[in-house]
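The chain contents come next:
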Amino acid sequence: MKRFLNWILVGPPLRVLLVIAVLTGSLVGMPLIESLDLALFDRLVRLRPANSSDRVAVVAIDRESISRIGSWPWPRTYLAEMLELAAEKGATGIGLHLVLPAEEWNPGLAGMRSLRRKHGLDNRKSPLGRAFVEMEAAIDGDRSLREALGAGATVVAPYLMLRDARDAGDRGANIPPHLNWSNPEKNWQASLASLHNPFRDLCRPLAAKGLLTSFPDLAGQAPLQGHITIDDDFTGTPRYVSLLKEYDGKLFPSMALQLAGVADGKKNPYLKLDGGSLLLNGRPIATGDDFAVFVNPVTAAAIPQYAFADVVNGLLPEGALADRIVLIGLTFPTVTAGGVIHIPEPSPVVAAAAVVADLIAGTAIVRPYWGFLLEAAVLVYLGIFLVLVLPRLNLGLGALLQLLFFGSWAGAVTALLTLKGMWFQLAPHLVVLLAGLALIALQRYLTRGGQRFEDLKMLGLSFQSQGMLDMAFDKFRECPVGDKSMKEILYNLGLDFERKRMFNKAIAVYSHLLKGGRFKDAKKKVAELKEMEKAVVFGGNGSKDGTMVIGRGATAPTLGRYEIVRELGQGAMGTVYLGRDPKINREVAIKTLNLQEVEPDQLKEVKERFFREAEAAGRLNHPHIVTIYDAGEEHDLAYMAMEFLDGSDLSAHCTAKCLLPPGEVMRIAAEVAAALAYAHRNDVVHRDIKPSNLMLLANGQVKVTDFGIARVVNSSQTQTGTILGTPSYMSPEQVSGNRVKGASDLFSLGVVCYELLSGQKPFVGDSLGALMHNIANVKYTPLRKVKSDLPECCYAVVRKLLKKDVKDRYRNADEAAEALRKCIGKTG
């Protein structure tokens, strides 16, 4: 019953409900999700560089202007004067960001009109009548304002789109021009552009319910009109501007859109809808739901603002308004007879100016119409992972995968915002991620008994897959051994210990497994392994004559990933085994070095020499050079996996009774020379060319092996003063301890050719010192005297290869190979 309650409370049903709730909230614009999303937007948008705002400016009715001119509202003659000043200073367009719904009440003007009518002074022809008319005009703010609308620059008059029809003004002739809906030809692009979230209007109705304009005379006189409605978010911050707002089945343009069109040099901007896309003077304008664009706080902060009082008093910097779109509006809260006018931050006029700047630059920030589909798809993916996949994973691993996916989504959203001005929601996905992980963690806490063992099992399997068998066994020992799946896991761990030749640890694993009862042949394996522990020797086990013995039925040991099949023989530095690469079922030869046989003070040098072969041959890829696949170190052995060669070395053909035909010797030498030429071009000098390092395969191909003392020419380590190699085949410069180059390998090749052709070595000595002296200083017996029936070219090639002076030999191995190949045809 408890498990059922836990399943209901924190199990899959609740996680499914979480995903459905968040998805629904994101589609309808739930305030909690919307506010979190906008908070993320405000932080990420700071990464976006500000647009150059040299095309837009704000004349601010700010604290300083109100304190210097007087309390708001001011006489409208001040506004008329500002429109004229802005036009004089070269403004391209002017946006009056102040709705004036009623005519100005002017007691002085009313008194003068009454006095003029009372005394019959309507006749402008009389001096007194003209004086009265002129005085009335001087104090008639509405008239001055109407006249200022045509002062030069294109002026856009304001109106408000209202959510409540009761606040609407007169629906008469002062209603501004609207944009009719269009019915373009439908295609996939048009369908995508007109794709809107069908649920968004449930929380925030998009269409306006009323319209409030300036008084009729002013509205009718304005060249252009545009709404100044800015949609606030839940904190009252100006957030969106609808470039086209629906009202009474029609679309009405915003002041920002009209001013952006005026900035293109159009006194009457051309607006059109094409397939749901908005065109301004023929160029497309990116918008989102309700044709909305974001107020960019970065751009808003960069908009230049000039105090109204400074402008009218001539304190404006030269050219401050020239060729700019100028918006005039309140930026400071003020008290009027109608109550307090609250001004948010940024002020609506500055927010509108920021939108105009973004529209002019083509960098407005929008939420694409179709964005809700992508957001929902990502959210559903996170939900599926949360409900179906995450409960089956280790909590840490699952959380990491979720975080990686969310990080990718957040990175994509950030990149699209900063580079393309497109915003997609992040908050719903973050809520699902954090809440989902919290539910999973709570569920595992409530069921921590069995889940703890599952976590330990998963952790142990992770260690086992990485080869950390001891750590895996430590975790498995904490799990109940009676569980059938646990028995299978322990049995496989025991097999892994066998493959690594850790028989005592394999015994420990099988013994622990048997505590839970019989399982497969675990009991038999314990007995076998105890016997093998006494008899098996691998890689010497401390004895030079040691070898490997695999007991019947035992698991084949491994070195790295390679399974050991059988011993092939003893190499120069250790035992060589036939192995198998289980991943690709390929036979390999595995050369081993028993590190226990090496004196501690020589261990570093010997290991470097062993792995130098892997470095030297591993960088070479040539048909006549043995291929090195892998190298590594495991416990007491260093190993090297290489190409398995089916053949024998040339040592058997160095006696007078088993000599090869001269043409065959020349062919073999030519292939060896070609291999050396390739090695020398890759900065590798072999330094130990001798018959036992040259393998003759069953198909007649020759392979150069054993780069154990090879020198990588560009290595930082020098071998000058160090004598390494097989004495009988060394070059004069090699026995002298000088730094050797590729020419040394050619001398050694000459010694091999001499021996393969005659069955004798060119240089011999009673002692190592005498031998080395003869190589460096004494002339050898000419090949012709030892073997007189060889083709002439054989003598010439060997003679040139065995020159004591490096300059007298072939210039390089390529030249030697060419000479050897030419000789093949002359041997008959």
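Residues numbered from 1 in each chain as written. Predicted model: local features only at pLDDT ≥ 70, side-chain atom pairs only at ≥ 80, totals over all residues. Heavy atoms only, no water.

**Thoughts on the packing of helix 2 (residues 12-28) against helix 15 (residues 371-389)**
Condition: Here an axis means a line fitted to C-alpha atoms, over the contact stretch when the element is a helix, while the angle between two N-to-C directions is reported on a 0 to 180 degree scale. The helix and strand labels rest on DSSP assignments: H or I over at least four residues marks a helix, E over at least two residues marks a strand, and numbering proceeds from the N terminus. Working rule for angles: under 35 degrees goes down as roughly parallel, over 145 as roughly antiparallel, 65 to 115 as roughly perpendicular, anything else as oblique. Here a residue-residue contact requires only that any non-hydrogen atoms of the pair lie within 4.5 Å. When residues are sorted by character, Ala, Val, Leu, Ile, Met, Phe, Trp, Tyr, Cys and Pro go into the nonpolar class, Asp, Glu, Lys and Arg into the charged class, and all the rest, Gly among them, into the polar class.
Interaxial distance between helix 2 and helix 15 falls to 10 Å at its minimum, and their mutual angle equals 170 degrees. Here helix 2 lies roughly antiparallel to helix 15, going by the angle between them. Contacts between helix 2 and helix 15 involve Pro 12, Arg 15, Val 16, Leu 18, Val 19, Val 22, Leu 23, Ser 26 and Leu 27 from the first element and Phe 372, Ala 376, Leu 379, Val 380, Gly 383, Leu 386 and Val 387 from the second. Residues belonging to the contact of helix 2 with helix 15 are distributed by class as follows: 13 nonpolar, 2 polar and 1 charged.

**As for the environment of Met 161**
Inspection of the secondary structure assignment puts Met 161 in strand 3 (residues 154-162). Separated by 49 residues in the primary sequence, Met 161 and Gly 210 place their C-alpha atoms 6.0 Å from one another.

**Details of the state of the cysteines**
In plain terms, the rule: Note that a disulfide, as used here, is simply two cysteine sulfur atoms within 2.5 Å. The cut-offs for exposure are 20% and 50% of the maximum accessible area for each residue type, with area from a 1.4 Å probe on protein chains only; residues under the lower value are buried, those over the upper are exposed, and the others partly exposed.
One pass over the structure, following the stated rule, counts 1 disulfide. The partner cysteine of Cys 793 in its disulfide is Cys 823, sulfur to sulfur 2.0 Å. Across the S-S bond linking Cys 793 and Cys 823, the dihedral sits near 70 degrees, which makes this disulfide right-handed. Pair noted here: Cys 793 is in helix 29 (residues 792-801) and Cys 823 is in helix 30 (residues 813-826), with a separation of 30 residues, a long-range link. One exposure class covers both Cys 793 and Cys 823, and it is buried.

**Describing the sheet that holds strand 13 (residues 292-294)**
Heads up, the rule is: Strand pairing is assigned whenever DSSP identifies at least 2 bridges connecting the two strands.
Spatially, the 3 strands line up as an open sheet ordered 6-7-13, and their pairing is antiparallel. Looking along the sheet, the strands with just one partner apiece sit at the ends: strand 6 (231-232) and strand 13. When strand 7 (residues 238-242) meets strand 13, the two strands line up antiparallel, connected through 3 bridges. Within strand 13, the position partnered with Val 241 by the bridge is Val 293. Strands strand 7 and strand 13 of the sheet are contacted by helix 3 (residues 31-44), whose axis makes an angle of about 95 degrees with strand 7.

**Topic: the pairing of strand 22 (residues 628-634)**
Bridge count for strand 22 against strand 23 (residues 637-643) is 6 bridges, and the pairing is antiparallel. Looking at the pairing, Ile 628 lines up with Met 642 of strand 23.

**Here's the deal with the pattern of salt bridges**
The line we're drawing: Each reported salt bridge corresponds to a side-chain nitrogen of Lys or Arg within 4 Å of a carboxyl oxygen of Asp or Glu.
For the coordinates displayed, the defined rule picks out 29 salt bridges. Asp 290 is the salt-bridge partner of Lys 245, the closest N and O atoms lying 2.9 Å from each other. Within this pair, whereas Lys 245 is found in strand 8 (residues 244-247), its partner Asp 290 is found in the loop between strand 12 (283-285) and strand 13, the two being separated by 45 residues in sequence. Neither Lys 245 nor Asp 290 differs from the other in exposure class; each is buried. The closest approach of N and O atoms between Arg 283 and Asp 264, which form a salt bridge, is 3.4 Å. Of the two residues, Arg 283 is situated in strand 12 and Asp 264 in the loop between helix 11 (255-263) and strand 10 (271-274); the sequence distance between them amounts to 19 residues. Put simply, Asp 42, Asp 233 and Arg 239 are held in one network by salt bridges that share partners.

**Re the nonpolar core**
Condition: The criterion is simple. A nonpolar core is a set of buried Ala, Val, Leu, Ile, Met, Phe, Trp, Tyr and Cys residues joined through side-chain atoms within 4.5 Å.
Among the nonpolar cores identified, the biggest contains 75 residues, and Val 672, Phe 707, Leu 757 and Leu 820 are the most heavily contacted of them. Apart from residues lying up to four places away in sequence, Leu 820 is in contact with Met 666, Ala 669, Ala 670, Ala 673, Leu 749 and Val 797. Val 56, Val 241, Ile 303 and Val 349 belong to the second-largest nonpolar core, a separate cluster that totals 45 residues.

**Describing the side chain of Asn 296**
Threshold: In the analysis that follows, any N or O atom pair within 3.5 Å is treated as a polar contact, provided that within protein one partner can donate a hydrogen and the other can accept it, and provided that, for residues neighboring in sequence, both atoms belong to side chains.
Looking at where Asn 296 falls in the secondary structure, it is placed in the loop between strand 13 and helix 12 (297-302). At 3.0 Å, the side chain of Asn 296 and the side chain of Thr 299 are in polar contact.

**Concerning unusual backbone geometry**
Going from Trp 72 to Pro 73, the amide bond is cis rather than trans, its omega being 5 degrees. Within the secondary structure, Pro 73 is located in the loop between helix 4 (63-69) and helix 5 (76-88). A cis geometry characterises the amide bond from Glu 345 onward to Pro 346, with omega recorded as 0 degrees. Relative to the elements of secondary structure, Pro 346 occurs in the loop between strand 17 (339-341) and helix 14 (348-361). One non-glycine residue, Asp 323, adopts positive backbone phi at about 55 degrees. Mapped onto the elements of the fold, Asp 323 is located in the loop between helix 13 (308-312) and strand 15 (325-330). For Asn 585, which is not a glycine, the phi torsion comes out positive at approximately 50 degrees. Among the secondary structure elements, Asn 585 is positioned in the loop between strand 20 (575-581) and strand 21 (586-594).

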